[in-house]
Amino acid sequence: RDDLAVAAPGADVSSQESAGLVSVYRGSVSGLIDSALNYTQDSSDVNGTMLDASEAFDRFGDALAAGDFDANGADDLAIGVPRESQNSESAAGVVQILRGLPGVGLTLANNQLWNQANIFTGEDIANGDQFGFALAVGGDMSDDDADDLLIGSPFEDVLVGSTTFVDAGAVTVLFGTNDQGITTFHSETYYQDDFALGENSEHD
């Protein structure tokens, strides 16, 4: 039975304004269960080693996407935190992934955290990129039974030749794998210049 994930990125958490919160309502034979499982950046084991506790204006949950990234039969949840600061760069953005287990649902075990530095696509963490501003599940693009994840960074600056186009934007593709979930294997980042669409990167 399907569950429902609801984001409140403007929610205050531990007196931190707009730190953000995600609530998950489990499905049952009679519909959604009223009591929700609530997740914030303060949740045990969500922080990992790279995130701080809930901070003002991080907007945890600004984007959500559910997909079975490890092909175990249960959906995982990708959570965008586009205003998260990284390496002293404000609003660089991160994406947190909570893993789902068959018959259990979402767990905090083996959760994953991705930023522009640890996906190995040549992109650096930069001020204002807002990595994770938009999320989408691309289906099984690599034909391995695991869903893949697309991550939007609408304010990414793009260097074309000797010209830097400010806020031109980028989309990163992370591929799911059986058992392991999202990995850096074959990860890619695309810009408007990469497609024969008659559009080039601009100061958008």
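Here is what the cut-offs are and how they apply
Residues numbered from 1 in each chain as written. Predicted model: local features only at pLDDT ≥ 70, side-chain atom pairs only at ≥ 80, totals over all residues. Heavy atoms only, no water. Phe/Tyr/Trp six-rings, centres within 6.5 Å; stacked < 30°, edge-to-face > 60°. Helix = DSSP H or I, 4+ residues; strand = E, 2+ residues; numbered from the N terminus. Buried < 20%, exposed > 50% of the residue type's maximum accessible area, 1.4 Å probe, protein only. Contact = heavy atoms within 4.5 Å. 1 Å grid on protein atoms, 1.4 Å probe; cavity = no way out; pocket = protein on both sides within 12 Å on 5 of 7 lines; lining within 4 Å. Points joined across faces, edges and corners; volume = space filled by probe spheres on them. Nonpolar A, V, L, I, M, F, W, Y, C, P; charged D, E, K, R; others polar.

Focus: the packing of aromatic side chains
This model, assessed by the stated rule, comprises one aromatic pair. Between the aromatic rings of Phe-133 and Phe-155, the centroid separation amounts to 6.0 Å while the plane-to-plane angle is 85°, which identifies the pairing as edge-to-face. Of the two residues, Phe-133 is situated in the loop between strand 9 (105-114) and strand 10 (134-137) and Phe-155 in the loop between strand 11 (149-153) and strand 12 (158-160); the sequence distance between them amounts to 22 residues. Look at Phe-133 and you get partly exposed, because its relative accessible area is 39%.

Brief notes about the environment of Phe-69
Tracing the backbone through its elements, the reader meets Phe-69 in the loop between strand 6 (63-67) and strand 7 (76-81). Between the C-alpha atoms of Phe-69 and Thr-183, which are 114 residues apart in sequence, the distance is 9.5 Å. Discounting residues that sit within four places of it in the chain, Phe-69 has contacts with Asp-76, Ala-78, Ile-97, Val-137, Ala-146, Asp-147, Asp-148, Leu-149, Gly-176, Thr-177, Gly-181 and Ile-182.

Some details on the layout of surface pockets
Taken as a whole, the largest pocket holds about 460 Å³ of empty space. The wall of the largest pocket is formed by 21 residues, among which Arg-1, Asp-2, Asp-3, Asp-75 and Leu-106 lie closest to the centre. Looking at side-chain class alone, the lining of the largest pocket contains 10 nonpolar, five polar and six charged residues.

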